[in-house]
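Observations on the model geometry
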Amino acid sequence: MTWFGAVARLRARREAGVLVTVATVRGHAPRNAGAKLVVGRSETWGSIGGGNVEAVTIDRAREMISTSATEPELLDFALNDKVTNRHGVQCCGGTVSVLLEPLPVVRAVAIFGVGHVGMELARVLARQDLDLHLVDSRSDILAEERLAVLADAVAEVRVHHTPLLPEEVLDELPRGAHVLIMTHDHAEDAALCDAALRTPHLGSIGLIGSAAKWVRFRKRLLAEGGHDEAAVDRIKTPIGLADITGKDPATIAVSVAADLLRTFEAEGSSEREHHRDERPRGPQPLPPLQDAISRS
């Protein structure tokens, strides 16, 4: 499998990984600059030459995966018999720099209702590296010519036409997907809110609408839906940044997108803090001497 195919496979599986590239080579080395290796939690694809260089790189890549690292790293190796190596001696005689680039699990967002606001929001979010699900019960709203403006999207756009029960799409969404409910029909919105609260693997849930709309929805979710206060409070409404009050669809879309990106940032900070808390406490033994490797 090519490195490109391996990256695509990790993305499809929603698994984190690291893309490794031989950045520079001076003198003799097992592989030339540009050679690539993709590292997953339990698999690897490709090679940067084997031996200590590859083994140490894989070790570090998996450390980066386990800590949800977001910044790339550069590792430098000297290939001679005068350095101490963790995984055997490589004495080709040259030096190698290896770039490690994290491949995080891309976030997923589902927009239920691709009307005026939903379409403007899709145009904004399509510029982000994420899986973007567009869901609507109306076929004309999802017509190919209408969605043509998303043809150059950075996001992976997935279209779901659901004429009867759009809430069934919730079960198909990836774990942690963020849901934004803004359909043309309040009854459909209400059904989606109820179903979203019954779908445990979702991330945030947002609902567009007025305070009066939410009063009615909240009462129904508590009384008829059987949800408790804590569950209902998972639904954020109104969505968007509170200090942006414009009602134009494009303005609302920018506000909602900015608020969602802020949610992503908070989510990432929480994940990194969680990994820090999992680290062993107290003094730890120093790792084996690695004269052959330095980080920059």
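Residues numbered from 1 in each chain as written. Predicted model: local features only at pLDDT ≥ 70, side-chain atom pairs only at ≥ 80, totals over all residues. Heavy atoms only, no water.

This next bit is on the sheet that holds strand β10 (residues 205-207). If you walk across this open sheet you meet the six strands as β8-β7-β6-β9-β10-β11, and the pairing is parallel. The sheet is open, and its two edges are formed by β8 (156-161) and β11 (235-236), each paired on a single side. Its contacts with the sheet put helix α4 (residues 186-197) on β6 (107-112), β9 (178-181), β10 and β11, and the angle it makes with β10 is roughly 165 degrees. (Pairing = 2+ DSSP bridges. Helix = DSSP H or I, 4+ residues; strand = E, 2+ residues; numbered from the N terminus. Contact = heavy atoms within 4.5 Å. Axes fitted to C-alpha atoms, helices over the stretch in contact; angles between N-to-C directions.)

Applying the stated criterion across every chain, the model contains 18 salt bridges. Of the charged contacts, one joins Glu-73 and Arg-60 as a salt bridge, the two residues approaching to 2.5 Å between their closest N and O atoms. Taken as a pair, Glu-73 in strand β4 (residues 73-78) and Arg-60 in helix α2 (residues 51-66) lie far apart in primary sequence, 13 residues in all. In this structure, Glu-73 and Arg-60 share a single accessibility class: buried. Through salt bridges with shared partners, one network takes in Arg-11, Arg-14, Asp-129, Asp-131 and Arg-158. (Salt bridge = Lys/Arg side-chain N within 4 Å of Asp/Glu carboxyl O. Buried < 20%, exposed > 50% of the residue type's maximum accessible area, 1.4 Å probe, protein only.)

Taking every second residue as pointing to the same face, the buried face of β4 carries Glu-73, Leu-75 and Phe-77, while none of Leu-74, Asp-76 and Ala-78 on the other face is buried. In this sheet, strand β5 (residues 95-103) lies alongside β4 in antiparallel orientation, the contact comprising six bridges. Across the sheet, the residue bridging to Leu-74 is Leu-99, located in β5.

On to the side chain of Glu-54. With respect to the helices and strands, Glu-54 occurs in helix α2. Within the buried core, Glu-54 has no salt-bridge partner, and the shortest N-O distance to an opposite charge, that of Arg-31, equals 6.6 Å. Here the side chain of Glu-54 touches Ser-47 through a polar contact of 2.8 Å, side chain to side chain. Separated by 2.9 Å, the side chain of Glu-54 and the backbone nitrogen of Gly-50 make a polar contact. Glu-54 has contacts with Leu-37, Ser-47, Ile-48 and Gly-49, leaving out every residue within four places of it along the chain. (Lys, Arg positive; Asp, Glu negative; His and termini not counted. Polar contact = N/O pair within 3.5 Å; in protein donor to acceptor, adjacent residues only side chain to side chain.)

If you look at the biggest cluster of nonpolar residues, it comprises 25 residues, and the most contacted ones within it are Val-109, Ile-111, Leu-121, Leu-125, Leu-132, Leu-134 and Leu-180. Put simply, the parts of the chain that give this core at least two residues each are β6, α3 (116-125), β7 (130-136) and α7 (249-277). Sequence-distant contacts of Leu-121, defined by excluding residues within four places in its chain, comprise Ile-111, Leu-180, Met-182, Ala-253, Val-256 and Ala-257. (Core = buried A, V, L, I, M, F, W, Y, C linked by side-chain atoms within 4.5 Å.)

For Ile-58, the position within the fold is in helix α2. Accessibility expressed as a relative area gives 14% for Ile-58, which makes it buried. For the pair Ile-58 and Gly-40, spaced 18 residues apart in the sequence, the C-alpha separation amounts to 9.0 Å. If we skip the residues at most four places from it in the chain, Ile-58 touches Leu-37, Val-39 and Thr-44.

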